[in-house]
Amino acid sequence: MASTSTKTAARKSILSPSMILKGHGQRIYSISYFPDGQRMTSGSWDKTARQWDLKAGKEIEEAQSVCDGRVYAVAVSRDGRWAVTCGGDGNHGELKACEVEIGIVKTFEGHSREITCIDISADNAWLASGSWDYTARIWNLETGKLVAGPFKSEGPVGAVQFSTDSRKLAVKSNTGAYLEVWDVQSQKLDVRRGEYPGIPITYAPIFWTNNNKTGSGPNKTIIATFNFTEDELTKIYQFDASTLETVGIPYQGHTRHVTGLALSFDHALLASASFDNTIKLWAFESRQLLASFDIQNILRLVLSPDSRQLAYTVDTEGDCKICICDTPPNILAQARNIARKRANLDHLLHSDATRPPAGQRKPPIHAIPTVQTRRPPPTNDSQQPVFIRLRQLLHFIPRTNAGPPRDPLDAPATSPLPSSLSGQTATRFNQFEISSPPPPSNSVVQSLRQHLSFLVPRHRHGPPVVDVAPNRKFTRLAAAKLPEYKKVDDTRHPSSQQGAMCIGAKRFFAIVRVGHMDGATSTNSGGAPSRS
């Protein structure tokens, strides 16, 4: 809905007529444009139907038709060939169709009381009529014969409308208290909503819309004022044509019951008239109130075929007239822009680019169970670089739910070495043996630190203290920062033998430390290595 400021600005605006047509002596109950937009027909309670030349701004007198009773409704076929009038009194109904070019008039007999509403099918072949005799009927315009009906309703009929494909007929009561949809071919009632009676009386028309091109929401809808409770014809509703359930929120803003309704041919702009003395213009797609104009004593209104003109009737005692105004261009442009954006969005959401073809949905993706297997024991190739052989030799086994990790080097220092390493204590690395002390060179240590930085032990609560078995030889390597260790007496070898052993934290490695490592170690008098 529009904001309060928008409503206020609209009410202060003036919808000035560009043309006023006078001639009828009593209430003008219906008006309709010809397809070219240059002529108009009108019907009045003065028992006349008139045609008007909109270029000249005057009546085409020779086209005037005099009826036996009041004229309630007029309509023009989409091809401009037929001009139809209906009316009558309490004793009979009057329905006539004039072939405009040649002036031949056909009369349709059947209704027993006044005929209050008519509609012509989109293909210009059929004519529908509704009457106070509680029936609606369908006629052949060419032959004048009854095609379908009578469709019996619960009360006097106030509006009839063909669906866009002419297969259905919507019927609304003259009080707006019930709405029906009939199948034309089978002549059976599809659905009904509401019941008779109801107040007040209204002859506001109803409209069908076709949403097949968007693929969203119901395929067909009906636009109508409806009386859900007594004296509630102030709102305009959109109904699902198959169920007559309301679609979305109503168009609301009038304070008294709606007397006139008009929908543009492109379904962009909706216009309404009310006894609250206002004309309101709505964006049909969004239900946004675009403008509101104060018009005194307005009764009926209609939009021109191109929606650029708005015509309405004024019912003032002694001054019955037709006023024609220019639709505000900015309002019309705004309504069409909203409709265009909505159509583009619906097309995008329901296009083939965003929707897979029927029967070609993607199959569901099933989870593939993974099986964790242990790696085969590494093989040694003396020709491989030292770094690659170390990684193959000292790889980690993935964790499983079977128990704690079991690394080939994950064993206490006092336990026997794993069988996979038992024969590798003399493995050569670049022409020196790990089991023998390397030459005291800083370059060797720096090289080991550079290439084996990933082997630096990670201690949670400081370096662990490990007991080392006497004179046990190790091939496990450690990083530069060695963990703390305790010395034990070597009972198998002389004390003069220089050697030192250390072991890394769990899942890491030890390296024999002999001689002067980084030039920072020395030998004490007992022959055991000590830290400087």
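What counts and how
- Residues numbered from 1 in each chain as written.
- Predicted model: local features only at pLDDT ≥ 70, side-chain atom pairs only at ≥ 80, totals over all residues.
- Heavy atoms only, no water.
- Helix = DSSP H or I, 4+ residues; strand = E, 2+ residues; numbered from the N terminus.
- Buried < 20%, exposed > 50% of the residue type's maximum accessible area, 1.4 Å probe, protein only.
- Contact = heavy atoms within 4.5 Å.
- Areas by Shrake-Rupley, 256 points an atom, 1.4 Å probe, with all protein chains shown as cover.
- 1 Å grid on protein atoms, 1.4 Å probe; cavity = no way out; pocket = protein on both sides within 12 Å on 5 of 7 lines; lining within 4 Å.
- Points joined across faces, edges and corners; volume = space filled by probe spheres on them.
- Nonpolar A, V, L, I, M, F, W, Y, C, P; charged D, E, K, R; others polar.
- pLDDT = per-residue confidence, 0-100.
- Lys, Arg positive; Asp, Glu negative; His and termini not counted.
- Salt bridge = Lys/Arg side-chain N within 4 Å of Asp/Glu carboxyl O.
- Polar contact = N/O pair within 3.5 Å; in protein donor to acceptor, adjacent residues only side chain to side chain.

**Some details on the overall build of the protein chain**
Right, on to step 1. Each helix and strand in the protein chain was counted, giving 4 helices and 34 strands.
Right, on to step 2. By the burial criterion, 46% of the 532 residues in the protein chain qualify as buried.
Right, on to step 3. A separation of at least 24 residues holds for 48% of the contacts in the protein chain among residues at least 6 apart in sequence.
Right, on to step 4. Looking at the protein chain as shown, the accessible area adds up to about 28,000 Å², and 50% of this sits on carbon and sulfur atoms.

**Thoughts on the layout of surface pockets**
Right, on to step 1. By volume, the largest pocket is sized at about 1,200 Å³.
Right, on to step 2. In this structure, the largest pocket is lined by 46 residues; those nearest its centre are Ser-32, Asp-119, Gln-161, Phe-207 and Val-302.
Right, on to step 3. Among the secondary structure elements, those contributing two or more residues to the lining of the largest pocket are β2 (28-33), β7 (70-76), β11 (115-120), β15 (157-162), β19 (207-210), β22 (258-263) and β26 (298-303).
Right, on to step 4. Tallied by class, the residues present in the lining of the largest pocket amount to 31 nonpolar, 12 polar and 3 charged.

**Comments concerning the confidence of the model for the protein chain**
Right, on to step 1. Mean pLDDT over the protein chain: 76, with 61% of residues reaching 70 or higher.
Right, on to step 2. Across residues 493-532, where pLDDT falls below 50, the model places 91 contacts with residues more than four positions away in sequence or in other chains.

**Here we look at the side chain of Asp-133**
Right, on to step 1. Within the element layout of this structure, Asp-133 appears in the loop between β12 (126-131) and β13 (135-140).
Right, on to step 2. The side chain of Asp-133 is buried and forms no salt bridge, while Arg-137, the nearest opposite charge, is found at 4.1 Å.
Right, on to step 3. Among the polar contacts listed, one links the side chain of Asp-133 to the side chain of His-111, at a separation of 3.1 Å.
Right, on to step 4. Residue contacts for Asp-133: discarding those within four places in its chain leaves His-111, Ser-112 and Arg-113.

**Focus: the environment of Ser-131**
Right, on to step 1. For Ser-131, the position within the fold is in strand β12.
Right, on to step 2. Looking at Ser-131, the relative accessible area reads 0%, which means it is buried.
Right, on to step 3. Residues Ser-131 and Gly-93 lie 38 residues apart in sequence; the distance between their C-alpha atoms is 7.7 Å.
Right, on to step 4. If sequence neighbours within four positions are ignored, Ser-131 has contacts with His-111, Arg-113, Glu-114, Ile-115, Thr-116, Pro-156 and Val-157.
Right, on to step 5. Polar contacts involving the side chain of Ser-131 include one to the main-chain carbonyl oxygen of Glu-114, which spans 2.9 Å.

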